[in-house]
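# Survey of secondary and tertiary structure
Spelled out from the first residue to the last, the chains are:
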Amino acid sequence: MSLKELVSRYVASAGHVFGKITIADCGAGFSLDNVKRVVELAKAYLEDAKYYRDKGKLRVSLASVAYCEGLLDALKMLGMVKFEWPKIEEKSKAEKER
């Protein structure tokens, strides 16, 4: 798989998550505003990834989408958001829709 294909797959996968993500009931020590702020930062990293992909800066794009995924995974592990990463067949469909 080429770097361009890899970036496109990760971008599509993250885009799919943002269409389905829900914010969970925040537990002790976490405010809803802070959770929303981190989700917005993850969205910004995804937009950066798309921008750099379209400019042909694939390494920067990959780094940006990796930051996006890392923030989303951290929020999920802490129980602050709920979502599932798309399965392989869903990823293929999401890639075609982008």
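In what follows, the accompanying structure is described. Given the structure is predicted, the values throughout are model-derived calculations rather than measurements. (Residues numbered from 1 in each chain as written. Predicted model: local features only at pLDDT ≥ 70, side-chain atom pairs only at ≥ 80, totals over all residues. Heavy atoms only, no water.)

## A few points about the overall build of the chain
Stated precisely, the cut-off is as follows: Labels follow the DSSP assignment, with helices taken as runs of H or I lasting at least four residues and strands as runs of E lasting at least two, numbered in each case from the N terminus. When checking whether two residues touch, look at their non-hydrogen atoms; a contact exists if any pair is within 4.5 Å. The method behind every accessible area is Shrake-Rupley, applied with a 1.4 Å probe, and residues are considered shielded solely by the protein chains displayed.
A tally of regular secondary structure across the chain gives four helices and two strands. Within the chain, counting contacts between residues at least 6 apart in sequence, those at least 24 apart form 70% of the total. For the chain, the accessible area works out to roughly 6,400 Å², and carbon and sulfur atoms hold 52% of it.

## What to know about the packing of aromatic side chains
Cut-off, in case you're wondering: The criterion for an aromatic pair is that two Phe, Tyr or Trp rings (for Trp, the six-membered ring) have centres within 6.5 Å, with stacked assigned to planes under 30 degrees apart, edge-to-face to planes over 60 apart and tilted to the rest. Throughout this description, buried means an accessible area under 20% of the type-specific maximum (1.4 Å probe, protein chains only), exposed means over 50%, and partly exposed covers the range between. Throughout this description, the term charge over a ring refers to an Arg CZ or Lys NZ atom that lies within 6 Å of the ring centre and within 35 degrees of the ring normal.
Counting across every chain of the model gives three aromatic pairs. When the ring of Tyr-51 is compared with that of Tyr-52, the centres are 5.1 Å apart and the planes differ by 80°; the resulting orientation is edge-to-face. Its relative accessible area of 47% is what places Tyr-51 among the partly exposed residues. Taking the ring centre of Phe-83 as reference, the NZ or CZ of Lys-76 above it sits at 4.9 Å.

## As for the pattern of salt bridges
How we decide: Salt bridges, as used here, are contacts in which a Lys or Arg side-chain nitrogen is within 4 Å of a carboxyl oxygen on Asp or Glu.
Summed over the entire model, instances satisfying the criterion amount to four salt bridges. Note that Lys-50 is salt-bridged to Glu-47, the shortest N-O span being 3.3 Å. Here Glu-47 and Lys-50 lie together in helix α2 (residues 32-54), a separation of three residues that amounts to about one turn. On the basis of relative accessibility, which here comes to 46%, the residue Glu-47 falls in the partly exposed class.

## Here we look at α2
What sets the pattern is the α-helix's 3.6 residues per turn: residues three or four places apart point alike. Note the cut-off: Helix span, as expected, comes to 1.5 Å for every residue beyond the first.
Taking 1.5 Å per residue, 23 residues should reach 33 Å; α2 reaches 33 Å between its end C-alpha atoms and fits that length. All of the buried residues in α2 are Val-35, Val-39, Ala-42, Leu-46, Ala-49 and Arg-53. Elements that come into contact with the buried residues of α2 comprise α1 (3-18), β1 (22-23), α3 (58-77) and β2 (81-82). Positive backbone phi, at 85°, marks Gly-56, one or two positions downstream of α2.

## Examining the environment of Cys-26
Here Cys-26 shows up in the loop between β1 and α2. Sequence separation of Cys-26 and Gly-79 is 53 residues, and the distance between their C-alpha atoms is 7.9 Å. What Cys-26 contacts, discounting residues up to four positions off in sequence, is Ser-31, Leu-32 and Val-35.

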